[in-house]
Amino acid sequence: MRGPGGVPAGVPRQTAPAKVRTWVPDGPFDLGLVLGPLRRGPGDPTFRAMPDGSVWRASLTPAGPGTLRVAARGGEVRGEAWGRGRLAAGAVAGAARRGRRPVGVPAAAPAAGGDPAPAAGLRLTRTGLVLESLIPSVLEQKVTTVEAYQAWRLLVRKYGEPAPGPVPGRMYVMPAPRTWALIPSWEWHRAGVDDKRASTILRAVRVAARLEEAVRMEPAAAQSRLEVVPGIGPWTSAEVVQRSHGAPDAVTVGDLHLPGIVGWALAGTGGR
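Residues numbered from 1 in each chain as written. Predicted model: local features only at pLDDT ≥ 70, side-chain atom pairs only at ≥ 80, totals over all residues. Heavy atoms only, no water.

(A) The arrangement of the overall build of the protein in detail. Tallying secondary structure elements over the protein gives 12 helices and 7 strands in all. In the protein, buried positions account for 46% of the 272 residues. Counting contacts in the protein only where the partners sit at least 6 residues apart, residues at least 24 apart contribute 59% of the total. (Helix = DSSP H or I, 4+ residues; strand = E, 2+ residues; numbered from the N terminus. Buried < 20%, exposed > 50% of the residue type's maximum accessible area, 1.4 Å probe, protein only. Contact = heavy atoms within 4.5 Å.)

(B) Representation of helix α8 (residues 195-206). Between its first and last C-alpha atoms α8 spans 16 Å; for 12 residues at 1.5 Å apiece the expected length is 16 Å, and the two agree. Two to three positions downstream of the cap, the backbone nitrogen of K196 sits 3.0 Å from a side-chain oxygen, assigning the N-cap of α8 to D194. (Expected span 1.5 Å × (residues − 1). Polar contact = N/O pair within 3.5 Å; in protein donor to acceptor, adjacent residues only side chain to side chain.)

(C) Looking closely at the sheet that holds strand β5 (residues 76-82). The 5 strands are arranged β1-β5-β4-β3-β2 in an open sheet whose pairing can be described as antiparallel. The two strands at the open ends of the sheet, each matched to only one other strand, are β1 (19-23) and β2 (47-49). Strand-to-strand twist across the sheet, computed as the mean angle between neighbouring axes with direction ignored, equals 20 degrees. Pairing analysis gives 3 bridges linking β2 to strand β3 (residues 55-61), with the strands arranged antiparallel. Bridge pairing in β3 places F47 opposite R57. (Pairing = 2+ DSSP bridges. Axes fitted to C-alpha atoms, helices over the stretch in contact; angles between N-to-C directions.)

(D) Molecular detail of the packing of helix α10 (residues 219-226) against helix α11 (residues 234-244). Running from N to C, α10 and α11 cross one another at 130 degrees; their axes reach a closest spacing of 9 Å. By the angle between their directions, the pair α10 and α11 is classed as oblique. Helix-helix and strand crossings are classified by hand; for α10 and α11 the assignment is right-handed. Of α11, the residues touching α10 (which contributes P219, A222, Q223 and L226) are P234, S237, A238, V240 and V241. (Parallel < 35°, antiparallel > 145°, perpendicular 65-115°, else oblique. Left-handed = near helix turned anticlockwise from the far one by under 90°.)

(E) Highlighting the pattern of salt bridges. The full count for this structure, using the stated rule, is 13 salt bridges. Of the charged contacts, one joins R123 and D26 as a salt bridge, the two residues approaching to 2.3 Å between their closest N and O atoms. In this pair, R123 sits in the loop between α3 (95-98) and α4 (131-139) while D26 sits in the loop between β1 and α1 (31-35), placing the two residues 97 residues apart along the sequence. The class of R123 is buried, set by a relative accessible area of 5%. Where R210 meets E213, a salt bridge forms, and the shortest distance between an N and an O atom there is 2.9 Å. Its relative accessible area of 27% is what places E213 among the partly exposed residues. Members of the salt-bridge network, linked through shared partners, are D52, R69, R73, R78 and E80. (Salt bridge = Lys/Arg side-chain N within 4 Å of Asp/Glu carboxyl O.)

(F) Spatial organisation of α11. Counting buried positions over the 11 residues of α11 gives 9, a clear majority of the element. Among all positions in α11, only W235, T236, S237, A238, E239, V240, V241, R243 and S244 are buried. Lining the buried residues of α11 we find α4 and α10. Backbone geometry just downstream of α11 places G246 in the positive-phi region, at approximately 65 degrees.

(G) How the structure looks around the packing of aromatic side chains. One pass over the structure, following the stated rule, counts 4 aromatic pairs. Measuring from centroid to centroid gives 5.4 Å for W56 and W82, while their planes differ by 10 degrees, and the two rings are stacked. Pair noted here: W56 is in strand β3 and W82 is in strand β5, with a separation of 26 residues, a long-range link. For W56, a relative accessible area of 7% translates into the label buried. Note on W82: relative accessible area 8%, which makes it buried. Taking the centre distance of 6.3 Å and the plane angle of 15 degrees together, the rings of W152 and W180 count as stacked. Of this pair, W152 sits in helix α5 (residues 145-159) while W180 sits in helix α6 (residues 177-181); the two residues are 28 residues apart in sequence, bridging distant segments of the chain. (Phe/Tyr/Trp six-rings, centres within 6.5 Å; stacked < 30°, edge-to-face > 60°.)

(H) The arrangement of the pairing of β3 in detail. By the criterion of burial, β3 is predominantly enclosed, with 6 of the 7 residues buried. Linking β2 back to β3 in an antiparallel pair, the connection comprises 5 residues, with G53 at a positive phi of about 95 degrees. Two strands pair when backbone bridges link them, and β3 and strand β4 (residues 64-73) are joined in this way by 7 bridges, in the antiparallel orientation. Looking at the pairing, T61 lines up with G64 of β4.

Written as structure tokens, this is what we have:
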């Protein structure tokens, strides 16, 4: 059964006005490139890309659950946020503004052959949130992306909180640290998560507050703090600070796809 606007019945509505922020970029801006790295697969319950080009995100902020809608039109970026965490979530709309272009990618970078670079509209998003990038990154350790995305989708839908605001369909805020800690062992197995990855997440959520403090550190120091937790190594910590800090120099060393990415970036061909 669905309510007004085609939203499933039972999904709570947030009646408080949205927190709104607008920003005019000083150069090319591609919303898909900017927010795309925050999406964990096509079925991510915390992320929704709409046909009109807008993006919806549900986040667990320090102030509470929040939903953010971002749209880029007419040279302006507009962010609207709802929920107890709407003030903090609204700040995410300015993450690209506080972030920066990657080194070597100016406002209108030419690619090989003189054509505009596909990454010309890229800004490195800085979410300011550690755990929301850490947990799915741990789920992606040593498995295929399909398996990792499925685990994230199943666990967030089952244990997460419905996203506040006029969300398009069923969206969820990821579980709070205590909720992650209370997930029964058999539910991890049902989601396809082995004991090693589940144990790493459980160790991380027990020190969630200390890990979230890492967002105020320089990326290298933040990675060092994350790697204190057994099961979190350089690959995982780099995946986190790329998103939480917008760190341009955090490289996922050892990643299966890295040679191909570098090859395409430098020569237009795959690499090994």
